[in-house]
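Residue-level structural notes
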Amino acid sequence: MIYEFFYNLVGNEIIAGFIAASLPLLLFILPFALIAVLLERKVAGHMQDRLGPMRVGYHGILQTVADIIKLLQKEDIIARENDKMLFNIAPVLVFTGSYAAFAAIPFTSAYIGANIDLGIFYIIAVTGLVVAGILMAGWASNNKYSLLGAMRSAAQIVSYEIPTILVVLTLVMFTGTTNLMTLSENQTAYFWNWNIFGGPELSPAKFLLIPSMVIGFFVIYISTLAEVNRTPFDIPEAESELVSGYHTEYSGMKFAMFFLAEYANMFAVSAIVAALFFGGYHSPFGYLGNSLGVEWLIPVEQFFCFTFKGVFFVFVQMWLRWTLPRLRVDQLMTASWKYLIPIAFVNLLIVGIITLI
Amino acid sequence: MSIRTEEMVLNMGPQHPSTHGVLRLELTLEGEIITKVVPHIGYLHRCFEKHCEAMTYQQVVPYTDRMDYLAAMGNELGYAIAVEKLLNIQVPERVEYIRVIMAELQRIASHLVAIGTYGADIGAFTPFLYCFRDREKILHLFEITCGARLLYNYIWPGGLSHDLHPDFVRLTREFIKEFRPNLVELNNLLTFNRIFIDRTANVGILPVETAINFGITGPMLRGSGMKWDLRRDDPYSVYHKFDFDIPVGEGKMGTVGDSWDRYYVRVREMEESLKIIEQALDQLPEGDVTSAIPKRIKPPVGQVYTRIENPRGELGYFIISDGSTSPFRVKVRAPSFVNLQIMDELCRGHMVADVVAILGSVDIVLGEVDR
C-alpha cells in the first residue's frame, strides 16, 4: 500500500521501492535503538536494585541522545596497524546486514518494505552479511582480542543458523509459504489462530502440533539469542575475557554503528519470532477498527501489536542478559550441535508427519 | 605441503577487565587452548616492606591497610598482634572482641567482592551489584566506627583508635538479619545456576597435595578439601571462644578442588562469619579500648612471626626489632602472592575463558601481591 502510494507520487518503480524500503530505517530503527538502549539500561538498573540513568531529562530519558551526541564528537581513531579499508567497511557491512533484514518484515498488513516471496529466507541470508562484517572487523583491527572474538563469532553464528533454519523449515512446511506477509496474514486475528497454538485450521492436528510448535519456538528463540550475540551467548564480545571482542578497536560513530546494529538485530530476530509463531502483526483479541468501522485504525493497531510483540521479546533478551552468566565457547557449540540441532530435526520430522496425515 | 603454524602469545592485562587489578598474564595459546601462563607482577609495587624501616611502629599501620585493600582490618589485626607479641603486652578483652567482629565483617565484605567479581568474570553482572549492595552496608558499619570506608587505621598495636559507635551493635544485628536472606538469593541466582556450574565445576582442579606443595592457604586450600583454618588450628585473639565450622570443598558439582568448590567455600565462610559475629556481639564485654595503647613503642631486640587467617589465606608478619622505635625489617607473607603462583599449573590445557574463571577463583588482590 505504501509502496503504491510512493509509486503514484514519484512515478518510478526504483525510486518508490527505495523510499518504501528505507522508511523503517528512518521511522523505526533509529528511534527504536534510542529507546532500546535506554530500556536496556533501565531494565538492568531496576533488576540490579539501582535506578539506571537519572540525570539527563526526566528519569534519564534523554540519556541515549546525549550518548549519541558524545559519540558523534569523539575522535575516530584508526590505528596505524589497522587495515584501513576493511576497518572502515566492517561497521557499515554489519549495519547493512541487520538493516536489510527489516525490508522483509511485515509491520502491518499495509506496510512491508519489500514483499518478497522468499521473505524469511531472504532475512536469514542477508543477516549472514553480519558474520562477514564481524570477521572483517576482527581481522582489520589487527588486535588479538578482536581476532579471537571475530573467530568465535563466525563459528557461533554459523552453527546457530542451522537450528534457526530447521525451525523455519518446520514452519514453512506447515504453513506452505515462505512469504512473511502471507505467513502473518494466515494467522488471522485472535490468538488461538497463532502458529504456536497450531495454526488457524481447527482440526485434531492442531492440538498435536502445539507441543512441536512450543519446542520449535524455544529452539529458534535460543538460537536467535546466539545469533545476535546476547547473553548467555555473548561470547564474541565477552567483556571479561576479550575486553569487548571484535569492536575493541572501534571508537566514535563506527562503534555506534555496531551498537545500533546490535539493537536493530535484536528487534529483527524478535520480530521474526513474533511473525512466525505469535501471529505477526495480528492483534490477539480482534480489532477496535473493525468494530468501530474505522478502516485506517486497523493498520495502526497492527503496528502497535507487532511492535509490542517485538519489544516484548527484546525485553526477554534483556532479562536473560542480566540474569544469566555466559557459556564457554565449547559449551556453546555443544549446545547447538548436540542439543538444538537434533531437537530441531526431530521436531521437523514430527511436524512433517503430522502435516502429511 | 605443510603449513607453518605457531603459538599465539596473548598479553592479558595489565589493563584488562578481569585481571582484578594490574596483573599481566602472558598466555601462550594453541588456538584457544592454553599451553603456558606466566603471571607478570610488580605494576603496583610500592615498597611497603622497605618503607616500614623508616617509620615508627605506629606509623606502619596505615601502610598495612594498603596491602590487601579489600581486607584492611585483617591486615591491621595481623600487624597489631605481631607488635603486641614483640612488646609482650596484653590488650583488654573488649578490644579483642571488637577486633574479631571487625575482622569477620571484613571477611564478609571481602568475600562479597570476591564472589561478585567472580560472577562478573563468568558473565553474570547482576550478582556483582547485589554483592556490592550488601558490602555497602558493612562499609557503613565501618564508617560509623572509624570514619573510613576502605583504609581504616582502626586497629592499633595495643588497642583501637575509637570505641564502637553507640548504634553499632544494633546496626550490626540488623545487617545480619538482612544479609541472611540475601545470601540465599545470591545462591539461587548464581551459585546453583546451571550455566555457572558448567563454567566452574571441573575447571582448574587443584589436588590437595599440589596445594600443600605450593603453600596455598585460605579458601583455596579449603576448597581442595583440607580442613585448615588458622582461626581454629592456631588460634589468635579470642577465636578459641567461638563455635564455628570450617567449610571445605566437597566436590559437590564436580571434582574436589575445582573452581566451584573454591567459590562455594567462600559463600559458606560468610555464613560462618555471621555466626562468629553474632556470638561476639552477645559476649561483648565492657571496658576501655585505648588504655593499653603504648605511648611510645620501643620493643626489645628480637624477632617475631605471627600469622592470621585473612580472607585470602595466611597473612604472616615477620618483624625484626633492633631496639629502636622503628622496625629493622618487616617481611609480609602475602596470601595472594603465594596463591597466584599456581596459575600456570591450574590453567594448562584449559581455554582462554577458563583463565578468567580460574583467576577469579584464586581471588587475588594486586595490592597485596606487589605490596
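Since the structure is predicted, the reported quantities are computational estimates derived from the model, not experimental observations.

Tallying secondary structure elements over chain B gives 15 helices and eight strands in all. Over its C-alpha trace chain B gives a radius of gyration of 21 Å, about what one expects of a compact globule, namely 21 Å for 371 residues. When the 371 residues of chain B are sorted by exposure, 51% land in the buried category.

The subject of this paragraph is the overall build of chain A. Across its full length, chain A holds 13 helices and zero strands. Traced from its N-terminal end to its C-terminal end, chain A shows the element sequence α-α-α-α-α-α-α-α-α-α-α-α-α. In terms of overall dimensions, chain A is globule-like: its C-alpha atoms have a radius of gyration of 21 Å, near the 21 Å expected for 357 residues. Along the first, second and third principal axes, the C-alpha atoms of chain A reach 65 × 50 × 45 Å. Per-residue burial over chain A gives 46% buried out of 357 residues. Partitioning the contacts of chain A with sequence separation of at least 6, the portion at a separation of at least 24 is 74%.

Take the sheet that holds strand S2 (residues 24–30) of chain B next. All names here are of chain B. Reading across the sheet, the three strands line up as S1-S2-S3 and stay open at both edges, with antiparallel pairing between neighbours. Of all the strands in the sheet, the pair left with one neighbour each is strand S1 (8–12) and strand S3 (33–40). Shown here is a sheet whose adjacent strand axes are inclined to one another by a mean of 20°, direction ignored. Pairing of S2 with S3 involves seven bridges; the strand directions are antiparallel. When the bridges of S3 are listed, Glu26 appears paired with Val38. This element, helix H14 (residues 352–362), spans S1, S2 and S3 of the sheet and lies at about 145° to S2.

Here we take up helix H3 (residues 72–87) of chain B. Residues and elements named next belong to chain B. Compared with an ideal rise of 1.5 Å per residue, which puts 16 residues at 22 Å, H3 spans 22 Å between its outermost C-alpha atoms and is within 8% of the ideal. Among the 16 residues that make up H3, 14 are buried, leaving the element largely enclosed by the rest of the structure. Asn88 sits one or two positions beyond H3 and adopts a positive phi of about 60°.

What follows deals with the pairing of strand S8 (residues 329–333) of chain B. Residue and element names in this part refer to chain B. On S8, burial follows the alternation: Val330 and Val332 on one face are buried, whereas Arg329, Lys331 and Arg333 on the facing-out side are not. Bridge analysis of strand S7 (residues 313–321) against S8 gives five bridges, and the strand direction is antiparallel. Looking at the pairing, Tyr317 lines up with Val332 of S8.

All names here are of chain A. Here Ile298 shows up in helix H12 (residues 297–321). Spatially, the C-alpha atoms of Ile298 and Ala36 are 25 Å apart, while their sequence positions differ by 262 residues. Apart from the residues within four sequence positions on either side, Ile298 is in contact with Tyr287, Gly289 and Asn290.

Quick look at the packing of helix H6 (residues 168–191) of chain B against helix H11 (residues 259–283) of chain B now. Residues and elements named next belong to chain B. At a closest axis distance of 11 Å, the pairing of H6 and H11 adopts a crossing angle of 165°. Looking at the two axes, H6 sits roughly antiparallel to H11. Where H6 crosses over H11, the two elements pack in a sense that is left-handed. The residues of H11 that touch H6, namely those facing Val169, Thr172, Arg173, Ile176, Phe179, Arg180, Leu183, Asn187 and Thr191, are Tyr264, Val267, Met270, Glu271, Leu274, Ile277, Glu278 and Leu281.

Residues and elements named next belong to chain B. Read across the open sheet, the three strands follow the order S6-S7-S8; overall the sheet is antiparallel. The open sheet has two free edges, formed respectively by strand S6 (302–310) and S8, since each of these has just one partner strand. With direction set aside, neighbouring strand axes in the sheet form an average angle of 15°. Packed on one face of the sheet, H3 meets S6 and S7 and runs near 150° to S6.

All names here are of chain B. Positive phi, close to 55°, is recorded for Cys47, a residue that is not glycine. Within the element layout of this structure, Cys47 appears in the loop between S3 and helix H1 (48–52). The phi dihedral of Ser237 is positive, around 50°, even though this residue is not glycine. Structurally, the position occupied by Ser237 is in the loop between helix H10 (230–233) and H11. A count of 18 C-beta atoms within 10 Å places Ser237 in the partly exposed class.

Residues and elements named next belong to chain B. Mapped onto the fold, Ser224 is located in the loop between helix H9 (219–223) and H10. Its 27 C-beta neighbours within 10 Å are what place Ser224 among the buried residues. Taking the C-alpha atoms as reference points, Ser224 and Ile205, separated by 19 residues in sequence, lie 8.2 Å from one another. Non-local contacts of Ser224, meaning those with residues more than four positions away in its chain, are made with Leu206, Pro207, Val208, Ala211, Gly249, Val256 and Gly257.

Residue-level contacts link 26 residues of chain B with 24 residues of chain A. Mapped by element, the contributors of at least two residues to the side of chain B that touches chain A are S1, helix H4 (93–122), helix H5 (126–146), helix H7 (194–200) and H14 of chain B. The residue makeup of the side of chain B that touches chain A, split by class, is 15 nonpolar, six polar and five charged.

Glancing now at the packing of helix H10 (residues 252–277) of chain A against H12 of chain A. All names here are of chain A. It is at 8 Å that the axes of H10 and H12 come closest, and there the two elements cross at 120°. As judged from the angle between their axes, H10 and H12 are oblique. In the crossing of H10 with H12, the sense of the turn from one axis to the other is right-handed. The residues of H12 that touch H10, namely those facing Met266, Phe267, Ser270, Ala271, Val273 and Ala274, are Phe306, Lys309, Gly310, Phe313, Val314 and Gln317. In terms of residue class, the contact of H10 with H12 is built from eight nonpolar, three polar and one charged.

This part takes up H5 of chain B. A rise of 1.5 Å per residue sets the reference length of H5 of chain B, with its 21 residues, at 30 Å; its end C-alpha atoms lie 30 Å apart and thus fit the reference within 8%. For H5 of chain B, the complete set of buried residues consists of Thr126, Pro127, Phe128, Tyr130, Cys131, Asp134, Ile138, Leu141, Phe142 and Thr145 of chain B.

This paragraph deals with the confidence of the model for chain A. Confidence in the prediction of chain A, expressed as mean pLDDT, is 81, and 95% of residues score 70 or more. When the elements of chain A are averaged for pLDDT, helix H9 (residues 239–242) of chain A gives the smallest value, 64, and helix H13 (residues 329–356) of chain A the largest, 86.

Turning our attention to the environment of Phe142 of chain B. Residue and element names in this part refer to chain B. Looking at the secondary structure, you find Phe142 in helix H5. Between the C-alpha atom of Phe142 and that of Leu206, which follows or precedes it by 64 residues, the distance is 35 Å. Residues contacting Phe142, with those up to four places away along its chain left out, are Ala148, Arg149 and Tyr152.

Calculation rules
Residues numbered from 1 in each chain as written. Chains lettered and ligands numbered in written order. Predicted model: local features only at pLDDT ≥ 70, side-chain atom pairs only at ≥ 80, totals over all residues. Helix = DSSP H or I, 4+ residues; strand = E, 2+ residues; numbered from the N terminus. Rg over C-alpha atoms; globule rule 2.2 N^0.38 Å. Buried ≥ 20, exposed ≤ 12 C-beta atoms within 10 Å, placed from the backbone. Contact = placed C-beta atoms within 7 Å. Pairing = 2+ DSSP bridges. Axes fitted to C-alpha atoms, helices over the stretch in contact; angles between N-to-C directions. Expected span 1.5 Å × (residues − 1). Parallel < 35°, antiparallel > 145°, perpendicular 65-115°, else oblique. Left-handed = near helix turned anticlockwise from the far one by under 90°. Nonpolar A, V, L, I, M, F, W, Y, C, P; charged D, E, K, R; others polar. pLDDT = per-residue confidence, 0-100.

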